[in-house]
Amino acid sequence: MAVIVGIVIALGAIFGGFALEGGHLAPLFQPYEFMMIAGGALGAFVIANDAKSRQAVYDAMPTLFHTARQTRALYVEMMSLMFELLTKARREGLMAIEDEIDNPPGSPIFVKFPLVMADAHLVEFITDYLRLIINGNIDVYQIENLMDNEIDVHHQDGELAINAIHKVAEALPAFGIVAAVMGVVHTMASVGLPPAELGNLIAAALVGTFLGILLAYGVFGPIASLLERKLAESTGVFQCIKVTIIASLNGYAPALAVEFGRKVISAKQRPSFAELESILRPGKR
């Protein structure tokens, strides 16, 4: 909804201000100029991106209209889940949580946290690394390095759509100039027309430049920035899990390991120490 509101505000302010200062909106309606700009940008997008990148863009567009999943409630659930899993492993041994991570939907622990369960990638990240810890004698540094590499891959996958849209935004002003030049060529080839008609042709040509800049900085540029922010937030969740697991592997108690993870959460989503303590160990409050 914020995306739609932002576009409406931007377009309303630009076109509204133009109308209020006495401009006429009708000359701005130039479908052929728009066709040249949009068609050129679409063609360049298809040329510059392979099937994987194009699919990433198609998948990313609906997320623009979704509220952020990385809320305080999700972080609280995630840390509560990690606390329960690590506590059970510490008390009963690592093998005690094998059934939990092999079948999260049937796990009494996992099912208590619906926000975490709603994110399949997040559940997979948690269970995969706990399974590695159970099944193999892997060095802590190897686990940490593997986690970093997977987070990097996740970030690179997310950047495919961002980079593709950003490149389109960069190209749109140039396509606007191309459309304007085509309009000027048409005008110069029509010099025998009356001045009023030549004026209309020149106005149409200038609209091309206007549309290219408007679409670049008023629509596609902000969309790329929003996707970049969403990607950073999703990466933060995996960083929190990584820090928690590594702290546990280094011998820290579950409550302290979870506290390590809490410290890498953004301040806007991070629960306080007292709040988290009251949730994890209510009997102590």
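A few points on the structure. (Residues numbered from 1 in each chain as written. Predicted model: local features only at pLDDT ≥ 70, side-chain atom pairs only at ≥ 80, totals over all residues. Heavy atoms only, no water.)

### Some words on the overall build of the protein
Okay, so step 1: Scanning the protein from N- to C-terminus turns up eleven helices and zero strands.
Okay, so step 2: Secondary structure elements of the protein occur, N-terminal to C-terminal, as α-α-α-α-α-α-α-α-α-α-α.
Okay, so step 3: The dimensions of the protein, computed from C-alpha atoms along their principal axes, are 90 × 40 × 30 Å.
Okay, so step 4: Put simply, the protein has 285 residues, and 37% of those count as buried.
Okay, so step 5: Considering only contacts in the protein between residues 6 or more positions apart, those separated by 24 or more positions represent 72%.
Okay, so step 6: Surface accessibility of the protein: about 15,700 Å² in total, with carbon and sulfur atoms responsible for 64%.
Okay, so step 7: The positive charge centre, built from 20 side chains, and the negative charge centre, built from 28, are 10 Å apart in the protein. (Helix = DSSP H or I, 4+ residues; strand = E, 2+ residues; numbered from the N terminus. Buried < 20%, exposed > 50% of the residue type's maximum accessible area, 1.4 Å probe, protein only. Contact = heavy atoms within 4.5 Å. Areas by Shrake-Rupley, 256 points an atom, 1.4 Å probe, with all protein chains shown as cover. Lys, Arg positive; Asp, Glu negative; His and termini not counted. Charge placed at Lys NZ, Arg CZ, Asp CG, Glu CD.)

### Looking at the packing of aromatic side chains
Okay, so step 1: On inspection of all chains with the given rule, the structure shows four aromatic pairs.
Okay, so step 2: Ring pairs connect the aromatic residues Phe-125, Tyr-129 and Phe-238, which therefore count as one cluster. (Phe/Tyr/Trp six-rings, centres within 6.5 Å; stacked < 30°, edge-to-face > 60°.)

### Focus: the environment of Ala-174
Okay, so step 1: Within the fold, Ala-174 resides in helix H8 (residues 140–188).
Okay, so step 2: Each C-alpha atom of the pair Ala-174 and Gly-40 lies 9.8 Å from the other, and the pair is 134 residues apart in sequence.

### Description of the environment of Ala-118
Okay, so step 1: Locating Ala-118 in the fold gives a position in the loop between helix H6 (114–117) and helix H7 (120–135).
Okay, so step 2: The class for Ala-118 is exposed, based on a relative accessible area of 59%.
Okay, so step 3: Residues Ala-118 and Val-140, 22 residues apart in the sequence, show an inter-C-alpha distance of 29 Å.

### Focus on the nonpolar core
Okay, so step 1: If you look at the biggest cluster of nonpolar residues, it comprises 37 residues, and the most contacted ones within it are Met-78, Leu-81, Val-116, Leu-122, Ile-126 and Ile-241.
Okay, so step 2: For this core, the secondary-structure elements that each account for two or more residues are helix H4 (72–92), H7, H8, helix H9 (195–249) and helix H11 (273–280).
Okay, so step 3: Excluding residues within four positions of it along the chain, Met-78 makes contact with Val-116, Leu-122, Val-237, Cys-240 and Ile-241.
Okay, so step 4: Of all hydrophobic cores here, the second largest spans 24 residues; its members include Ala-41, Val-57, Ala-179 and Leu-211. (Core = buried A, V, L, I, M, F, W, Y, C linked by side-chain atoms within 4.5 Å.)

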